[in-house]
Amino acid sequence: MPFTKTEVDIREDYTVEAVDPEWLKQGVKSPKHLMLDPDNCILCRACEDVCPWNCIYMLSPSIVEDAGDDSVDAEVGAATAIFVLDDNACTRCSVCVDRCPTDTLYYARLPEDSAGKREMAAVPTSQRAQA
Ligand code: SF4
Ligand code: SF4
């Protein structure tokens, strides 16, 4: 039987209200963080594009100047892109994990002695997706 709009019970008493930011702050986030496996990434930037909260930035290594740390300079100098994630804004919604075409993104706990840092390693330029 064909569907007709008249069969839908349309409510007219719904009021749209803004979500209370204080209530949102009470949400419990997963203790796991988003991680990237450089062996699989093809630098397609789909994750950056799809994040509803604009948490992911794939930046040019040229933005880093005078890091003042030889190891950082060496790492950045060899990088094709710098993957920056705003952990505070990230809601762990998994949209980027689902969108990634190569299963590069996953969640994991940071090692206790990492002081909040995580090693992403380098993504070889040869893996970059063809435009
Ligand atoms: S898990 Fe969700 S909020 Fe976090 S970076 Fe991915 S898409 Fe953005
Ligand atoms: S969507 Fe996946 S393959 Fe593409 S840039 Fe992001 S992590 Fe890399």
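Scroll up to find the structure this text is about.
Scope of this entry: the structure provided in the associated data block. (Residues numbered from 1 in each chain as written. Chains lettered and ligands numbered in written order. Predicted model: local features only at pLDDT ≥ 70, side-chain atom pairs only at ≥ 80, totals over all residues. Heavy atoms only, no water.)

## A closer look at the side chain of Glu48
Looking at where Glu48 falls in the secondary structure, it is placed in helix 2 (residues 46-50). Only 2.7 Å separates the side chain of Glu48 from the side chain of Arg45, close enough to count as a polar contact. If we skip the residues at most four places from it in the chain, Glu48 touches Ile56, Tyr57 and Met58. (Helix = DSSP H or I, 4+ residues; strand = E, 2+ residues; numbered from the N terminus. Polar contact = N/O pair within 3.5 Å; in protein donor to acceptor, adjacent residues only side chain to side chain. Contact = heavy atoms within 4.5 Å.)

## Remarks on the site of ligand 1
The local shell around ligand 1 holds 15 residues, among which Cys51, Cys90, Cys93, Ser94 and Cys96 are the closest. The residue inventory of the shell around ligand 1, partitioned by class, reads 12 nonpolar, 2 polar and 1 charged. (Near = heavy atom within 4 Å. Nonpolar A, V, L, I, M, F, W, Y, C, P; charged D, E, K, R; others polar.)

## Some remarks on the pairing of strand 2 (residues 56-59)
For a regular strand, side-chain orientation follows a simple rule: the groups alternate between the two sheet faces. In strand 2, alternate side chains face the same way, and those of Ile56 and Met58 are buried while those of Tyr57 and Leu59 on the opposite face are not. As paired strands, strand 2 and strand 3 (residues 82-85) are joined by 4 bridges and run antiparallel to one another. Bridge assignment links Ile56 to a residue of strand 3, and that residue is Leu85. (Buried < 20%, exposed > 50% of the residue type's maximum accessible area, 1.4 Å probe, protein only. Pairing = 2+ DSSP bridges.)

## Structural notes on unusual backbone geometry
At Arg45, a position not held by glycine, the phi torsion is positive, near 70°. Positive phi, close to 55°, is recorded for Asp103, a residue that is not glycine. Relative to the elements of secondary structure, Asp103 occurs in the loop between helix 4 (95-99) and strand 4 (105-108). The exposed category is assigned to Asp103, whose relative accessible area is 61%.

## Some words on a nonpolar patch on the surface
On the surface, Val19, Trp23 and Leu24 cluster together to form a nonpolar patch covering roughly 350 Å² of accessible area. Mapped onto the fold, Val19 is located in the segment before helix 1 (21-25). (Patch = residues over 30% accessible without salt bridge, like charges linked within 9 Å, V, L, I, M, F, W, Y side chains within 5 Å. Areas by Shrake-Rupley, 256 points an atom, 1.4 Å probe, with all protein chains shown as cover. Salt bridge = Lys/Arg side-chain N within 4 Å of Asp/Glu carboxyl O.)

## Quick word on the side chain of Thr104
Relative to the helices and strands, Thr104 is located in the loop between helix 4 and strand 4. The exposure class of Thr104 is buried, given its relative accessible area of 2%. Only 3.5 Å separates the side chain of Thr104 from the backbone oxygen of Asn40, close enough to count as a polar contact. A polar side-chain atom of Thr104 sits 2.7 Å from a polar atom in the side chain of Thr102. If sequence neighbours within four positions are ignored, Thr104 has contacts with Met35, Leu36, Asp37, Asn40 and Cys41.

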